[in-house]
Amino acid sequence: MQTTRVLRFGGMLIGGIVSSLLLAAFILPPLLDWNEYRSNVEKAAKNLLNMELKIDGDLEIRLLPVPTVLVNDMRLLSSSKDKNIATAGSLDVALSAMALLSGNVEVSHLTLGAAKVSLIQSHSGDWAVEGFSFGESDAEFSGFQFDDLRIENSLVTLIQSDGTVTDVSGLALNIDGMIPQGPINWTGNATINAVAITLSGRFEPLLNGTDNSIKLRADFADSTTELNGTLAGADFEGRLTVVSPSAALYEQALYKIMRQRASTQLPTEPLEIDARLNLTESKGSIETKRLMLGSTSARAEATLLGKDKQHFTARLAIGTVNLDEWQYLQPEKIDSINSNKQKNNSNLFGNIEVTVDAISWHGEAVRQIDLALGLNGETVNLTTLQALVPGGGTLS
């Protein structure tokens, strides 16, 4: 499972480096200038990690009063030694003396500063650390317990399969738990495409030994997004909730994070979403339990079928829509929205069925609206429309 593999890389990297430094600390004579023994530590790390570790800065190891490792400017190199897999400006590690006396390695405190790593997505959708390959020893890695793991001012670069690059900058996390197996808890913050985000979550294995529960919370644009559910391999089933004081601001921030231009112009009214998600390799579905936009309530069901999620079907039932809430949409803005839609390179095919109780505007209302839309790549076709117009007439 891709999430565990990325966590395993982090645990292997940090744990291997710490173990190498501890090994050197007990073998090499005390009270030395540790910088003279960087090559010894690098060799020990290579034996444990099967990767090249380079320490370009200062190295210091203290055994008393608490076993502590201090390292500046580290680089983890690819097997060809021509590219950095990961770098870190500083590493500060404190270990549990009691655990060491019993023959175990337990990190009581670890701070990793100014780290940089890239995650790359394959065409199958899996994520991995760029330049790193898991070998046969991967399955033997038992993990490390971290009581206080801190990541400060770091950078994670996400490279999607289509070449889109997203930088998660200024990353600061406080983590505790067993990496990679879990349970793991984290809180922190980061900036993605100039959007400030506060993060928290928990990752925990379930009793069946194969599935994991995951809880994620992200706060941005004065809004809260939460995802809770179960991971079974690459499949996810769970609940999505969104609470925002402004649908417009939430949409703009979300599309900015995704490096996309917003395809609609939502009103500045409050937004609430409570939905069930079911995502597998060949199918994705969502069913809302609560959907509120301003004073308008709705229910929605949608399904994406196919490995590339290209076939789309949806049903949307909407209550009364008050267009007075949308009056900020001037004609030129509507033209801009339509222009953006025409430029959208969509590969969706399918249909959408929509029912609306009423659409009111300046005291008048169109009622009992039923319509069907057909999606054919970039084209959206209105296939059916029926409604009761003011005065008792019928539109079809």
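Note that the coordinates shown come from a computational prediction; the quantities given were computed from them, not determined experimentally.

Here the focus is the pattern of salt bridges. Oppositely charged side chains can form a pair if their charged atoms are brought close together. Across all of its chains, the model carries 8 salt bridges by this definition. Linking Asp 148 and Arg 150 is a salt bridge whose minimum nitrogen-to-oxygen distance equals 3.2 Å. Exposure remark for Arg 150: the relative accessible area of 35% places this residue in the partly exposed category. Two residues, Arg 202 and Glu 204, come together in a salt bridge whose shortest N-O distance is 3.1 Å.

Remark: a regular strand shows side chains that alternate across the two faces of the sheet. For strand β11 (residues 195-205) and strand β12 (residues 212-220), the ladder comprises 8 bridges, and the chain directions are antiparallel. In the strand pairing of β12, Phe 203 is matched with Ile 214. Hairpin geometry of β11 and β12 is characterised by an intervening segment of 6 residues between the two adjacent antiparallel strands and by a positive phi of about 80 degrees at Gly 209. The sheet contact formed by β12 and strand β13 (residues 223-232) spans 9 bridges and is antiparallel. Along β13, the bridge assignment pairs Arg 217 with Glu 226. Linking β12 to β13, which pair antiparallel, is a turn of 2 residues; within it Ala 221 sits at a positive phi near 50 degrees.

This paragraph deals with the packing of aromatic side chains. The final tally for this structure, using the stated rule, is 1 aromatic pair. Pairing Phe 220 with Tyr 250 gives two aromatic rings, centres 5.4 Å apart and planes at 15 degrees, and the pair type is stacked. Highlighted residues: Phe 220 in strand β12 and Tyr 250 in helix α4 (residues 247-257), separated in sequence by 30 residues. Take Phe 220: its relative accessible area is 7%, and that puts it in the buried class.

Averaged over the protein chain, the pLDDT score is 80; the fraction of residues at 70 or greater is 75%. This stretch, residues 134-139, has a pLDDT under 50; its non-local contacts, to residues over four places away or in other chains, come to 7 contacts. Every residue in residues 330-344 scores below 50 in pLDDT, and together they form 11 contacts with partners more than four places removed in sequence or on other chains.

Before going further, it helps to spend a moment on the side chain of Thr 288. Secondary-structure assignment places Thr 288 in strand β16 (residues 283-293). Overall, the relative accessible area of 5% leaves Thr 288 in the buried class. A distance of 2.8 Å separates a polar atom in the side chain of Thr 288 from the backbone nitrogen of Ala 300. In this structure Thr 288 touches Asp 274, Ala 275, Ala 298, Arg 299 and Ala 300, once residues within four positions along its chain are discounted.

This part is about the nonpolar core. Ranked by internal contacts, the top residues of the largest apolar core, which has 51 residues, are Leu 110, Ile 175 and Phe 220. With residues near it in sequence (within four places) discarded, Ile 175 still touches Phe 146, Asp 147, Asp 148, Leu 149, Ile 151, Ile 184, Asn 185 and Trp 186. Formed by 12 residues, the second largest nonpolar core is a distinct cluster that contains Ala 298, Phe 312, Ala 314 and Val 354.

Let us now look at the environment of Asp 274. For Asp 274, the location among the structural elements is in strand β15 (residues 271-279). Taking the relative accessible area as the measure of exposure, Asp 274 reaches 13% and is therefore buried. Between the C-alpha atom of Asp 274 and that of Thr 241, which follows or precedes it by 33 residues, the distance is 4.5 Å. The residues touching Asp 274, leaving out its near neighbours within four places in the chain, are Arg 239, Leu 240, Thr 241, Glu 287, Thr 288, Lys 289 and Arg 290.

Bringing unusual backbone geometry into the picture now. Positive phi, close to 50 degrees, is recorded for Ala 221, a residue that is not glycine. Within the fold, Ala 221 resides in the loop between β12 and β13. Since its relative accessible area comes to 29%, Ala 221 is described here as partly exposed. Non-glycine residue Asp 222 carries a positive phi angle of around 60 degrees.

Conventions used here
Residue indices begin from 1 for each chain and proceed along its sequence in written order. Only residues with pLDDT of at least 70 are given local features in this predicted model, and only at 80 or more are side-chain atom pairs given and counted; all residues enter the totals for whole chains, interfaces and linings. Just so you know, side-chain values use all the structure's heavy atoms and leave hydrogens and water out. Salt bridges are defined by distance alone: a side-chain nitrogen of Lys or Arg within 4 Å of a carboxyl oxygen of Asp or Glu. Think of it in three bands: with a 1.4 Å probe and only protein chains considered, a residue is buried below 20% of the maximum accessible area for its type, exposed above 50%, and partly exposed in between. Following DSSP output, two strands are said to pair if at least two bridges run between them. Starting at the N terminus, helices and strands are each numbered in turn, a helix being any DSSP run of H or I of at least four residues and a strand any DSSP run of E of at least two. Pairing of aromatic side chains here covers Phe, Tyr and the six-membered ring of Trp, requires ring centres within 6.5 Å, and sorts the geometry by plane angle: under 30 degrees stacked, over 60 edge-to-face, intermediate tilted. A residue's pLDDT is the predictor's confidence in that residue, given on a scale from 0 to 100. Here, two residues are considered to be in contact whenever any of their heavy atoms come within 4.5 Å of each other. Identification of polar contacts relies on pairs of N or O atoms within 3.5 Å, with a donor-acceptor requirement for protein atoms, meaning one able to donate a hydrogen and the other able to accept it, and with residues adjacent in sequence counted only if both atoms are side-chain atoms. Only buried Ala, Val, Leu, Ile, Met, Phe, Trp, Tyr and Cys residues count toward a nonpolar core, and they belong to the same one when joined by side-chain atoms within 4.5 Å.

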